[in-house]
Amino acid sequence: MPLPFSLSRPQCCRHPLTMASGSTSLIWFRKGLRIHDNPALEYASKGSKFVYPVFVIDPHYMEPDPKAFTPGSTRAGLNRIRFLLESLVDLDLSLKKLGSRLLVLKGEPSQVLIRCLKEWDVKKLCFEFDTDPYYQDLDVKVKDYASSAGIEVFSPVSHTLFNPEDIIQKNGGKPPLSYQSFLKVAGQPSWASSPLSTTILSLPCVGHIGSCEISEVPTVEELGYKDIEQVEWTPFRGGESEALKRLRESINNKEWVANFEKPKGDPSAFVKPATTVLSPYLKFGCLSSRYFYQCLQDVYRNVRKHTSPPVSLVGQVSFNFSITDDHAADTIKLLFGFKNWQLLWRDFFYTVAFGTPNFDHMRGNRICKQIPWSDDNELLAAWREARTGYPWIDAIMVQLSKWGWMHHLARHCVACFLTRGDLFVHWEKGRDVFERLLIDSDWAINNGNWLWLSCSSFFYQYNRIYSPISFGKKYDPNGNYIRHFLPVLKDMPKEYIYEPWTAPINVQTKAKCIIGRDYPKPVISHDSASKDCKRKLAEAYALNQQLNGQLSEADLVNLKRKLEQDQDQEPKSRPRRQRKLMT
């Protein structure tokens with residue numbers, strides 16, 4: 001399948017801000033920030049004399065929040081905001097090549113949209129269907145007005161391979177709760193056998209804008225982000241052009257695609273990441289997941305031998321983070337139980353999230369185990385701010401803060417460490433940090449993965465814990481990843497780089513890093529903490545089974561009190577060397 005790397009030059013048309021007459025359409029961009037495989041954009045242009053391509057700067061998502069723990073808005077860190085703005089600039093350039101432009105407005109999106117529909121006498125409103133509850137609420141308001149005003153609404157499903165509503169309907173009104181059952185219900189995508197529309201030759205001009213305040217895509221400074229001290233930003237640039245370039249580079253290496261096995265990825269690789277890093281482009285819809293799917297199918301048809309699901313790219317394109325046993329043999333052995341998330345897994349999570357009330361919470365979530373997690377904000381802050389005293393964990397959190405991205409296995413490690421592995425802090429708190437800082441943060445996938453990693457849902461083998469010492473050492477025995485993201489440890493000998501607190505004082509002095517002064521001591525002992533986490537989860541699981549998951553707030557309080565009393569009676573141990581990859 002040819003890649004749409006260039007867009008056709010626009011055909012001649014009148015000035016894009018000329019007076020409008022005749023039919024008008026409005027295409028509302030939220031995700032789906034692309035030209036290729038964009039059914040909403042294509043439908044808006046058909047039979048229309050004027051098309052208004054609109055993006056609304058939502059203050060809730062974009063305006064600075066001085067109370068947040070990192071630069072950014074209430075919902076997003078500055079890395080993701082920058083990535084979004086770059087994607088909008090790229091989209092605007094593509095639209096201009098087609099004789100149009102992106103109209104940027106600011107305000108509460110539903111109010112802005114309704115005002116534009118009135119002002120421009122729009123007859124057809126088009127936007128990509130979104131399962132995110134925030135956009136679901138916005139869409140109801142906008143569609144209600146459009147219905148009352150006699151405006152046609154076209155909202156196609158093109159962000160995912162399948163329509164989540166169709167899957168749920170086929171499954172008897174409930175979402176399938178396992179990957180196997182999802183595949184059985186879903187079958188093959190209905191569109192997969194026909195080529196997707198990937199090129200647009202031209203677009204209708206933009207009509208008269210009236211009194212609506214239109215602007216160009218703002219810079220981060222124009223949004224109010226000034227005097228930001230961060231010295232390193234994400235190396236990944238937003239936009240459809242960059243997404244297609246990355247896709248081309250990936251699939252042109254047919255041998256790599258054909259033999260791709262996600263579990264063999266290196267979480268310590270940072271100069272050249274061991275994955276495609278297409279997840280942020282799929283998150284914002286700069287790259288169509290449907291188009292990606294068809295491109296991969298074309299590659300597979302043209303190679304003699306390739307990996308099969310669960311470890312192939314179609315079965316497992318890494319998104320927010322994927323769950324896998326570190327050992328590829330175990331992954332294949334477990335087949336559908338312990339694996340990476342990819343294109344199909346992405347749809348699975350979208351479907352479960354769409355059909356599960358309170359999917360983003362423990363309480364009121366029917367598929368989530370009720371566990372009396374700790375509310376220790378000091379431990380949470382130590383994890384979030386890379387002060388746990390475990391260099392492998394802290395280096396990953398520094399990369400997250402600086403880049404807004406890290407390898408899926410690295411995400412496993414820090415998520416497990418925060419929740420069921422060591423600190424026993426509530427998964428919702430970790431989810432909030434990832435939601436803010438990841439450039440590829442996606443509501444359904446982020447929540448689904450935290451449910452999984454914390455053993456709250458989907459995966460329940462809580463005895464399998466990532467060691468914060470030996471796991472990273474397997475991939476990077478010299479500690480180059482740690483030395484890059486934690487330069488305070490750059491001169492620490494490799495024998496101690498993963499456990500610097502075990503280094504003799506003369507070694508620490510020579511390395512110019514005194515533990516407890518220049519770099520923190522471990523906040524907990526992994527051996528004793530992981531043992532304690534397993535004990536707590538065992539009791540919580542037992543109570544969930546006894547009460548059929550119907551634990552009241554009082555039940556959780558009583559269990560938490562009991563677990564704390566039991567913990568107080570156990571002897572404490574000092575941090576010591578870990579020898580196993582998984583304890």
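Reading guide: rules and limits
- Residues numbered from 1 in each chain as written.
- Predicted model: local features only at pLDDT ≥ 70, side-chain atom pairs only at ≥ 80, totals over all residues.
- Heavy atoms only, no water.
- Buried < 20%, exposed > 50% of the residue type's maximum accessible area, 1.4 Å probe, protein only.
- Helix = DSSP H or I, 4+ residues; strand = E, 2+ residues; numbered from the N terminus.
- Pairing = 2+ DSSP bridges.
- Contact = heavy atoms within 4.5 Å.
- Phe/Tyr/Trp six-rings, centres within 6.5 Å; stacked < 30°, edge-to-face > 60°.
- Lys NZ or Arg CZ within 6 Å of the ring centre and 35° of its normal.
- Expected span 1.5 Å × (residues − 1).

Colleague: So what's going on with the pairing of strand E2 (residues 50-57)? Residues and values would help.
Modeller: For E2, the buried fraction is high: 8 of the 8 residues fall into the buried class. Of the two faces of E2, the one lined by Phe50, Tyr52, Val54 and Val56 and the one lined by Val51, Pro53, Phe55 and Ile57 are each fully buried. Where strand E1 (residues 24-29) meets E2, 6 bridges bridge the pair, whose relative direction is parallel. Paired with Thr24 across the bridge in E2 is Phe50. In this structure, E2 lies alongside strand E3 (residues 103-106), joined through 4 bridges in parallel fashion. What sits directly across from Val54, in E3, is Leu103.

Colleague: Describe the environment of Tyr135, and please don't skip the residues or the numbers.
Modeller: One can find Tyr135 in helix H5 (residues 133-148). Since its relative accessible area comes to 19%, Tyr135 is described here as buried. Look past the residues within four positions of Tyr135 in its chain and what remains in contact with it is Arg30 and Asp130.

Colleague: Explain the packing of aromatic side chains to me, and be specific about the residues and the numbers.
Modeller: Counted according to the given criterion, the structure contains 35 aromatic pairs. Each ring, one from Trp345 and one from Trp452, has its centre 5.7 Å from the other, and the planes form 70 degrees; the classification is edge-to-face. Of this pair, Trp345 sits in helix H13 (residues 343-354) while Trp452 sits in helix H18 (residues 443-453); the two residues are 107 residues apart in sequence, bridging distant segments of the chain. For the pair Trp345 and Trp452, one class covers both residues: buried. Members of the aromatic cluster, each reached through a chain of ring pairs, are Phe162, Tyr179, Phe182, Trp345, Phe348, Phe349, Trp452, Phe458 and Phe459. Stacked on the ring of Trp233, the Lys or Arg Arg82 has its end atom at 4.6 Å from the ring centre. Positioned above the aromatic ring of Phe69, the side-chain terminus of Arg436 is 5.6 Å from the ring centre.

Colleague: Could you give me a rundown of helix H22 (residues 526-546), with the residues and numbers involved?
Modeller: Residues spaced three or four apart along an α-helix face the same direction, because each turn holds 3.6 residues. The terminal C-alpha atoms of H22 lie 30 Å apart, and with 21 residues this matches the ideal 30 Å at 1.5 Å per residue to within 8%. Just beyond H22, the residue with positive phi is Asn548, at close to 55 degrees.

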